[in-house]
Structures are given as structure tokens and as C-alpha cells.
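Fold and geometry: a report
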Amino acid sequence: MERIDSRKFNETRPVKMTTGFISSADGSVLIEMGNTRVICNATLLPEVPAWLAGKGRGWITAEYSLLPQSTGKRVERERKGASGRTQEIQRLIGRSLRGAADLNALGENAIVVDCDVIQADGGTRTASIIGGFVALALALKKIKKNLGIETQILKHAVTAISVGVVKGEPLLDLCYVEDSAADVDMNIVMRDAKSFIEVQGTGEHSDFDRATLNTLIDLGEKACKEIYPLQMQAIGSDELP
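Everything numeric here is computed off the predicted structure, so don't read it as measured data.

**Regarding the packing of aromatic side chains**
For the structure on display, the rule yields one aromatic pair. Their ring planes at 80 degrees and their centres at 5.0 Å tell us that Trp-51 and Trp-59 sit as a pair that is edge-to-face. Take Trp-59: its relative accessible area is 18%, and that puts it in the buried class.

Below you can see the structure in the form of C-alpha cells.
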């Protein structure tokens, strides 16, 4: 099957990360994956959630939004609270980022990672995880210095990618046209591009067999191994803070 952007079935879109994109954030990156663009900002919060107070443990959470003109049709702002879809994505991003961290080493400090999609062309949640991790790492460099924390907080890198089956063919890193027509849609989140934090897979219009599942996981693992060094390069160090 010929893809709309002429990529091979196992090829990701070009990935570009611009760090320091928002100067007022503790850590910030604009991530671009093809025509998908997400601004990820990590910020130290003044206190941990009430249920964590006094336990000597930190917290990392995430918020996600589609800006009004991020898609072909204007997206209404969620003034009455996050929709079910938005909450699902926020939880995925938050779980993924917490899977990288030693929350005890963070102390009673909380960090929120805001992921704002300024242009959506498929794979926004996985792009948010990739960029959100970089923003978190950059923020922790600053936060650790300011708070005098010497213990390593990030124990692992977190990478993610979308995969799917379109017209019977497994594809890597689906753009919107592919994603909207996918028979099977899956998101893969990996730790250090070696083990899995989460695998979300759904047969949108058909079921899938074990061989297809293995193929999709192999495609996702390949992409995560390619994206991991790009994240470390953006962080600017071989060691995590």
C-alpha cells in the first residue's frame, strides 16, 4: 500500500525537537512528528496532591489539550472540564512519565507536564509522551539544582509510538488519514526502548491475530529504539537527572 507521504510501512515521520520553546517553563520542548506538533511544558507545582501530603513522596502528572485550530475543524475549548477522551490521554501520559521516575527521590514535590497540541495529524498522544519526557528531564535538571536534590530521579527514558493495521497492512506511526481508516489501532510505550510500560491495542473495525500483534509490537519497538537517542540528544546528556 502506498502511503500518503510515501513512507515505507516501517518508517516513522521525521522527528524534530526544539528545546526551550517556552522560556517561562521549567522545561519546554516543541516536538514535531511530520505535521503533528505539540508544545510540552514541565512545571514545578507548589505542593503535592492532598492524599500525598506528609508521605515524603513526589508526584508527576500530565494535562493534554487540542488547541482550537489544531485540526481541520475548529476544536471547542473544554470549558466545563476535560472530556472522557482527554482524561484518558492525560492518564496515559501521566502513567508513562511516572514509570520513568523514582517518586521517593523527588521528595514532596510535584511536576505537571502540559501537552498542548497546536497541529494534529495523528499520533498526538505518543508525540506528547516523547516530548513530555524530554520536557520533564529538562525541568528536573533545573528543579534539582534549585531544591538541592542530589539523588537521581529519572531512572529510565520513556518513548512511545503509534502502530496500526490499514487495509490489512501493518503500518508504523500513523498520520491522521491512516489512523481514521485503521482496522487496528495501537499505542506502544517503552522504557529505555527495551521493555514495555504500556500497550494499548483495539480492533476498531476488525479483530487481529497473534501474528499481527507480534508484527505491530516489533514495529513499535524498532521505532522506539530510533527515537530514544533523539530524546537523549535533546536532553543534552547521556545521563538522566
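That covers the picture; the talk isn't over yet.
**Quick word on the sheet that holds strand β8 (residues 184–191)**
Strand order in the open sheet formed by four strands is β7-β6-β8-β9, and the pairing between neighbours is antiparallel. Two strands lie at the open edges of the sheet, namely β7 (169–172) and β9 (195–203), each paired on one side alone. In this sheet, adjacent strand axes meet at a mean angle of 20 degrees when their direction is disregarded. Bridging between strand β6 (residues 158–166) and β8 involves eight bridges; their strand directions are antiparallel. Within β8, the position partnered with Val-163 by the bridge is Met-186. In the packing of helix α2 (residues 124–147) onto the sheet, contacts are made with β6, β8 and β9, and the angle to β6 comes to roughly 165 degrees.

**Remarks on the UniProt feature "binding site: phosphate" (unreviewed entry) in the protein chain**
Under the feature "binding site: phosphate" (unreviewed entry), the UniProt entry names Arg-85, Gly-123, Thr-124 and Arg-125. What stands out for the annotated residues spanning 41 residues is how close their C-alpha atoms remain, the widest pair being 14.0 Å apart. Assignment of secondary structure puts Thr-124 in helix α2. Structurally, Arg-125 is set in helix α2.

**Side note on the pattern of salt bridges**
What the rule picks out here adds up to twelve salt bridges. One salt bridge connects Arg-3 with Glu-178, and the closest N-O pair in it is separated by 2.8 Å. Of this pair, Arg-3 sits in the segment before β1 (15–19) while Glu-178 sits in helix α3 (residues 176–180); the two residues are 175 residues apart in sequence, bridging distant segments of the chain. As far as burial versus exposure is concerned, Arg-3 and Glu-178 are alike and both buried. Its salt-bridge partner being Arg-95, residue Glu-198 comes within 2.6 Å of it at the nearest N-O pair.

Rules used throughout
Numbering of residues starts from 1 in every chain and runs along the sequence as written. Given that the model is predicted, a residue must reach a pLDDT of at least 70 before its local features are reported, and side-chain atom pairs must reach 80 or more before they are shown or counted; all residues, however, enter totals for whole chains, interfaces and linings. Calculated side-chain values reflect all of the structure's heavy atoms, with hydrogen atoms and water omitted. The rule is short: rings of Phe, Tyr and Trp, with Trp giving its six-membered ring, pair when the centres are within 6.5 Å, and they are stacked under 30 degrees, edge-to-face over 60, tilted in between. We call a residue buried when its accessible area falls under 20% of the maximum for its residue type, exposed when it is over 50%, and partly exposed in between, using a 1.4 Å probe and counting protein chains only. Two strands are said to pair when DSSP picks up at least two bridges between them. In this description a helix means any DSSP run of H or I spanning at least four residues, a strand means any run of E spanning at least two, and both kinds are numbered starting from the N terminus. Structural elements are reduced to axes, namely lines fitted to C-alpha atoms, with helices fitted over the stretch in contact, and the angle between N-to-C directions of any two is expressed from 0 to 180 degrees. Any pair of residues with heavy atoms lying within 4.5 Å of one another is described as a contacting pair. UniProt positions are given in the numbering used here, feature names are shortened, and annotations may be inferred rather than shown by experiment. For this analysis, a salt bridge means a side-chain nitrogen from Lys or Arg found within 4 Å of a carboxyl oxygen belonging to Asp or Glu.

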